Amino acid sequence: MTTSRFIRQGHRWVAGSFLAVVGLYIAAMALGGPPSWFVYVPLFPLLLLALSGSYLLWPRRRNNRGDAAG
Ligand code: HEM
């Protein structure tokens, strides 16, 4: 697996867990409020998303040699 494919896949998986944590947070709010430390839990996957997302924003270097290698 190439690095950019790996990072794209990672971004996808962390995005899913981020949404799950946000869902849990909303459910906890409906049930009387999450504990105050829970506010910081989504920030960890969000940081990973910001880092991997910044990598995905980076212009891709392409193979311009016309062959399959590289
Ligand atoms: C925090 C800053 C974030 C940045 C800078 C960022 C940036 C990006 C970029 C540049 C792409 C590639 C788009 C493309 O070329 O097609 C991407 C894909 C994606 N992003 Fe983000 N993103 C961020 C946060 C999030 C969040 C919060 C979610 C959802 C919870 C998310 C979900 C996704 C998904 C599902 C994809 C498609 C992945 C794939 O191609 O398999 N991202 N993001």
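By convention here, each chain's residues receive numbers from 1 onward along its written sequence. Only residues with pLDDT of 70 or above have their local features reported here, since the model is predicted, and side-chain atom pairs are shown and tallied only from 80 upward, although totals for entire chains, interfaces and linings are computed over all residues.

Draft legend 1. Up close: the overall build of the chain. Runs of H or I in DSSP of at least four residues are treated as helices and runs of E of at least two as strands, each being numbered from the N terminus. Within the chain, the secondary structure is distributed over 2 helices and 0 strands. We call a residue exposed when 12 or fewer other C-beta atoms sit within 10 Å of its C-beta, buried when the count reaches 20 or more, and partly exposed for counts in between; the C-beta positions come from the backbone. Counting across all 70 residues of the chain, residues that qualify as buried make up 1%.

Draft legend 2. Fine view of the site of the ligand. Around the ligand sit 13 residues in total, of which A15, L49, A50, G53 and L56 are the nearest. Among the elements of the structure, α1 (3–30) and α2 (43–57) are those that each provide at least two residues to the shell around the ligand. For the shell around the ligand, the element with the most residues is α2, which contributes 7 residues. Counted by class, the shell around the ligand contains 8 nonpolar, 3 polar and 2 charged residues. Throughout this description, a residue near a molecule or strand is one whose C-beta atom, derived from the backbone, lies within 6 Å of it. In the scheme used here, Gly and all other residues not listed as nonpolar or charged are polar, with Ala, Val, Leu, Ile, Met, Phe, Trp, Tyr, Cys and Pro taken as nonpolar and Asp, Glu, Lys and Arg as charged.

Draft legend 3. Examining the environment of A28 more closely. As for its placement among the helices and strands, A28 is situated in helix α1. A28 gets classed as partly exposed once you count the C-beta atoms within 10 Å, which come to 13. Once the C-alpha coordinates of A28 and F38 are considered, the two residues, 10 residues apart in sequence, prove to be 9.6 Å apart. When neighbours within four sequence positions are excluded, A28 is seen to be in contact with G33, P34 and F38. What counts as a contact is two residues whose backbone-derived C-beta atoms lie within 7 Å of each other.

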